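So you can see what is in the structure, the chains are spelled out below.
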Amino acid sequence: MPSYTAPTRDMQFVLHDVLNISASSIPGYDELDRDFTAAILDEAGKIASEVLSPLNPVGDREGCTLENGVVRTPEGFKAAFETVRQGGWTSLDCDPDYGGQGLPYLISTAVGEMFSASNMAFNMYQGLTHGAYNAIHAHGSDAQKRTYLPKLVSSEWGGTMNLTEPHCGTDLGLIRTKAVPQDDGTYQISGQKIWISAGEHDMVDNIIHLVLAKLPDAPDGVKGISLFIVPKFLVNEDGSLGERNALSCGGLEEKMGIHGNATCVMHYDGATAYLVGEPHKGMRAMFTMMNEARLGVGLQGYAQGEVAYQNALGFALDRLQGRDVTGTQAPDKPADPIIVHPDVRRNLMDQKAFVEGARAFTFWGASMIDAHVRAEDADAEQMISLLTPVIKGFLTDKGFETTVLAQQTLGGSGFTREWGMEQFVRDARITMIYEGTNGIQALDLVGRKLAQNGGKAIMAVFDLMKGYIKDNAGQDAEFDAQFLDPLKAASKDLQAAGTYFMQHGMKAPNNALSGSYDFMHLFGHVCLGLMWARMAKAAKAGVDEGRGDTAFLEAKLATGRHYMSRHLPMTATHLARIRTGADTVMALEPEQFASAAG
């Protein structure tokens, strides 16, 4: 059975040596010293490895079952959920006015990585609840906040987001779910929603559904969408639970992965509902939580890569196969461990370099969300808005790829259920699809985010890269050659791609859109290049000054050199693809795609 060990040492390195959070001006960060964050991460790591990780294969094997309208979660989930809830782990960054602990989102992100890596399907239950909390906290009335937030913060109640319908996914303007106003100020919701994660389960007393629907007088398209609170059980004025609402789970989806999470078909049959915010402004409420939700999915992608890598490494250290071509390494054994072979090393280095770079990138993004929310930093909000589709799209693409590499490390064993690696592959696959497919992320990045505010955000990225390179160049020739020069070349590729879109996007939009996926990956590589340059600088300072674990720091430098030399040059390939335009992409007529079928 696979295992998981929380990478707390690496998290501490990113938080304190790279991001230097305790010296940050973001309110609340001054309290985040090493001892404080270590205490939180160590305890969360124990829960992840000792409570959640052993349940991951159980959830995958048993799945959820629907019995008389109630979804039963896998054995052990309910007790584990109570452990997490009682420990306050679901309320880390929530508002103290409603029972939260008020910690920065960055700390919640670090804990979320551990919980997601150890048991992604399980962690989704509180993740969806946190999303509902965010939407109501940002857009609900004072009465709605008093009624729902304390129970959502404590996770005594669960939460969901109901967007998708059988005939529409991304194009939410096509939704048919209706909300009919009632004389008492409530609404009656009728319609069907599909793919609703945690839509029904047995771990909470009530489930607060946030449902997108249209009023009778709604304009067409997304401008006519409103957001409603639809509780499973109505809530009395004194906060006690009332009668069951007119909603039900009509079935569970049979999925490729995340079997431990209930993915429901939800039916609303005149259910009592309460409008959140203004009529026809539901999409605004949804986008309030979008940066955080999509960053969370990017985190899921690399977290699955992390746990897969850990188990691939353990296998490579133990599995005996063949001999080192440069000389026997284990003469007392019938063969050497496979980690001696260069191709296995390449495989493992690719995994390690991605996961550690992705962690730094995600934590940096989380700090921008904190800067926006806690310090009202408009520049940080603009930057994370631009980077969000990169975090979501690039990290989930590469996270899935990393799980496949880890599976490959095990050879035939990786293809069997016994070793557990194939579950990581299956679970990681959904991250590329939900919360907006990665193709949609790329289109959003190129078609909308680049041009926002006259391109101010992407220009800020260019300035950031130039400033970092200029400020650190000339101090160490080896550092320049290994880290700054590759970053400079990759940054130039990013600028060249942006220039291509500006020159060709308006006249021939297909030229820009056909290169959007490559641009998302080019951008992702540049961001990880920046992260590796920053990590290398911090690691080198630690080695030079004799601080910290020298072996850990030297491994960090070696891993960074691997990324900069073996992965960052991919920016040139992506740029070359972008510059080909749309000619080959759009060359066939729709009917010609089937021409080879005969």
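Refer to the structure printed above.
Numbers given to residues run from 1 along each chain, matching the order in which its sequence is written. Thresholds applied to this predicted model are a pLDDT of at least 70 for local features of residues and 80 or more for the giving and counting of side-chain atom pairs; totals over whole chains, interfaces and linings are not thresholded and use all residues. Remark: hydrogens and water are excluded; side-chain values derive from all non-hydrogen atoms of the structure.

**Student:** Whenever I open this one, the overall build of the chain confuses me. Can you help?
**Tutor:** Only DSSP runs of H or I reaching four residues or more are called helices, and only runs of E reaching two or more are called strands; each is numbered from the N terminus. The helix and strand tally for the chain stands at 19 helices and eleven strands. Based on C-alpha atoms, the radius of gyration is set beside the globule rule, defined as 2.2 Å times the residue count to the power 0.38. Computed over the C-alpha atoms, the radius of gyration of the chain is 25 Å, within 12% of the 25 Å expected from 2.2 N^0.38 for a compact globule of 598 residues. Each principal axis of the C-alpha distribution contributes one length, and for the chain these read about 80 × 65 × 60 Å. The contact definition used throughout considers only heavy atoms, calling two residues in contact when any of these lie within 4.5 Å. Look at the contacts in the chain between residues 6 or more apart in sequence, and 73% of them connect residues 24 or more apart. Asp and Glu count as negative and Lys and Arg as positive, but His and the ends of the chain are not part of the count. To locate a charge, the coordinates of NZ of Lys, CZ of Arg, CG of Asp or CD of Glu are taken. Across the chain, the centroid of the 51 positively charged side chains sits 5 Å from that of the 72 negatively charged ones.

**Student:** What am I meant to see in the nonpolar core here?
**Tutor:** Soluble globular proteins: nonpolar side chains tend toward being buried together. Joining through side-chain atoms within 4.5 Å is the link that ties buried Ala, Val, Leu, Ile, Met, Phe, Trp, Tyr and Cys residues into a set, and such a set is a nonpolar core. Summary of the burial criterion: residues with accessible area below 20% of their type's maximum are buried, those above 50% are exposed, and those between are partly exposed, where the area comes from a 1.4 Å probe applied to protein chains only. The biggest cluster of nonpolar side chains holds 144 residues, and the ones touching the most others in it are Phe228, Phe361, Phe519 and Phe523. Of all the elements, helix α17 (residues 516-545) adds the most residues to this core, at 15 residues. If you look at the next biggest cluster of nonpolar residues, it comprises 32 residues, including Met124, Ile208, Leu212 and Ile258.

**Student:** I would appreciate a short explanation of the environment of glutamate 67 in the present structure.
**Tutor:** Tracing the backbone shows glutamate 67 in strand β1 (residues 65-67). Distance in space between the C-alpha atoms of glutamate 67 and glycine 251 is 10.0 Å, their sequence separation being 184 residues.

**Student:** When you look at the packing of helix α9 (residues 290-318) against helix α12 (residues 421-429) in this model, what are you seeing that I'm missing?
**Tutor:** The description of two packed helices rests on the angle between their axes and on the distance between the axes. Note on geometry: axes are lines fitted to C-alpha atoms, helical ones only across the stretch in contact, with angles between N-to-C directions running from 0 to 180 degrees. Close contact between α9 and α12 brings their axes to 10 Å; oriented N to C, the two are set at 165 degrees. Taken together, the axes of α9 and α12 lie roughly antiparallel to each other. The interaxial crossing formed by α9 with α12 has left-handed handedness. Facing Gln304, Val307, Ala308, Asn311 and Ala312 of α9, the residues of α12 in contact are Met421, Phe424, Asp427 and Ala428. Its residues placed into classes, the contact of α9 with α12 shows six nonpolar, two polar and one charged. Working definition: roughly parallel below 35 degrees, roughly antiparallel above 145 degrees, roughly perpendicular at 65 to 115 degrees, and oblique for all remaining angles. Here a crossing is called left-handed whenever its near helix is offset anticlockwise from the far helix by less than a right angle, and right-handed whenever the offset is clockwise. Each residue is assigned to one of three groups, with Ala, Val, Leu, Ile, Met, Phe, Trp, Tyr, Cys and Pro labelled nonpolar, Asp, Glu, Lys and Arg labelled charged, and all others, Gly among them, labelled polar.

**Student:** Which parts of the structure should I look at to understand the pairing of strand β3 (residues 157-162)?
**Tutor:** On a regular strand, one side chain projects to one face of the sheet and the next to the other, so that they alternate. The buried fraction of β3 amounts to six of the six residues, a majority that puts the element mostly inside the structure. In β3, alternate side chains face the same way, and those of Trp157, Gly159 and Met161 on one face and Gly158, Thr160 and Asn162 on the other are all buried.

**Student:** Explanation requested: the side chain of threonine 177 in the structure shown.
**Tutor:** Tracing the chain through its elements places threonine 177 in the loop between β3 and β4 (178-181). The exposure class of threonine 177 is buried, given its relative accessible area of 0%. Pairing of N or O atoms within 3.5 Å defines a polar contact, subject to two protein rules: one partner must be a possible hydrogen donor and the other a possible acceptor, and residues neighboring in sequence count only if both atoms are side-chain atoms. Looking at threonine 177, its side chain comes within polar contact range of the side chain of glutamate 165, at 2.6 Å.

**Student:** How do you make sense of unusual backbone geometry when you look at a structure like this?
**Tutor:** Both trends apply: most residues other than glycine have a negative phi, and most peptide bonds are in trans. One non-glycine residue, asparagine 68, lies in positive phi territory at about 50 degrees. With respect to the helices and strands, asparagine 68 occurs in the loop between β1 and β2 (70-72). By relative accessible area, which is 84% here, asparagine 68 ends up exposed. Of note in this structure, tryptophan 195 is not a glycine but carries a positive phi near 60 degrees. One can find tryptophan 195 in strand β5 (residues 187-197).

**Student:** Where do I start with helix α1 (residues 8-18) in this structure?
**Tutor:** Quick reminder: α-helices carry 3.6 residues per turn. Residues three or four places apart thus point the same way. Counting buried positions along α1 gives nine out of eleven residues, so the element sits mostly inside the fold. Looking at the buried residues of α1, the elements they touch are α2 (34-52), α5 (105-118), α10 (342-375), α17 and α18 (550-566). Taken from the residues just after α1, asparagine 20 is the one with a positive phi, measuring 50 degrees.

**Student:** Help me understand the pattern of salt bridges, please; the structure alone is not making it clear to me.
**Tutor:** Close approach of charged atoms lets side chains of opposite charge pair. Salt bridges, as used here, are contacts in which a Lys or Arg side-chain nitrogen is within 4 Å of a carboxyl oxygen on Asp or Glu. On inspection of all chains with the given rule, the structure shows 26 salt bridges. Linking aspartate 370 and arginine 374 is a salt bridge whose minimum nitrogen-to-oxygen distance equals 3.9 Å. Taken as a pair, aspartate 370 and arginine 374 lie in helix α10 at a separation of four residues, close to a single helical turn. Note on aspartate 370: relative accessible area 3%, which makes it buried. Between aspartate 444 and arginine 448 there is a salt bridge, with its nearest N and O atoms 2.8 Å apart. Within this pair, aspartate 444 and its partner arginine 448 are both found in helix α13 (residues 438-449), separated by four residues, close to a single helical turn. For aspartate 444, a relative accessible area of 11% corresponds to the buried category. With relative accessibility at 39%, the residue arginine 448 sits in the partly exposed group. Among the charged side chains, a salt-bridge network with shared partners connects Asp10, Glu113, Glu306, Lys352, Glu356, Arg359 and Lys556.

These values are about where atoms sit, not about what they do.
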